[in-house]
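# Examination of the molecular architecture
So the chains spell out like this:
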Amino acid sequence: MKRFLLITVVSVSLANAISWSQLKSWGNKTVEPDVKYNIETEGYNVRVYEFTPISDPGSTCIMTFTNEKMGMFCFNKSKEAIRKEIK
């Protein structure tokens, strides 16, 4: 009985350590941003990440994060930017 209780406690502890969102994204590919930087602003910690979407290599997306909000904007790359990537 003690062994069963110990196994149950350990199992519940492990289940709590692994969140549902981690389990759902277990096999997802991780993409590193092309560029990441901070923008100096008063009162906000603005972090910016620029990346190329896997599904559309001709585009660039920019994501901004503060302590309160998140935003994203995507646009087509210029022909010069595409040429630089090919080299």
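Structural notes, computed from the coordinates. (Residues numbered from 1 in each chain as written. Predicted model: local features only at pLDDT ≥ 70, side-chain atom pairs only at ≥ 80, totals over all residues. Heavy atoms only, no water.)

### Here's the deal with the sheet that holds strand β2 (residues 45–51)
Two orientations exist for strands paired in a sheet by backbone hydrogen bonds: parallel and antiparallel. Strand order in the open sheet made by the 4 strands is β1-β2-β3-β4, with antiparallel pairing throughout. Two strands bound the open sheet, and with one partner strand each, they are β1 (35–40) and β4 (70–76). Strand-to-strand twist of the sheet, defined as the mean angle between neighbouring strand axes without regard to direction, takes the value 20°. The sheet contact formed by β2 and strand β3 (residues 59–65) spans 5 bridges and is antiparallel. Along β3, the bridge assignment pairs F51 with C61. (Pairing = 2+ DSSP bridges. Helix = DSSP H or I, 4+ residues; strand = E, 2+ residues; numbered from the N terminus. Axes fitted to C-alpha atoms, helices over the stretch in contact; angles between N-to-C directions.)

### As for the state of the cysteines
What the rule picks out here adds up to 1 disulfide. Here C61 is linked by a disulfide to C74, with a sulfur-sulfur distance of 1.9 Å. Looking along the S-S bond of the C61-C74 disulfide, the torsion reads about 105°, which is the right-handed sense. Of the two residues, C61 is situated in strand β3 and C74 in strand β4; the sequence distance between them amounts to 13 residues. (Disulfide = S-S within 2.5 Å.)

Spatial relationships are all this shows, so hold off on functional conclusions.
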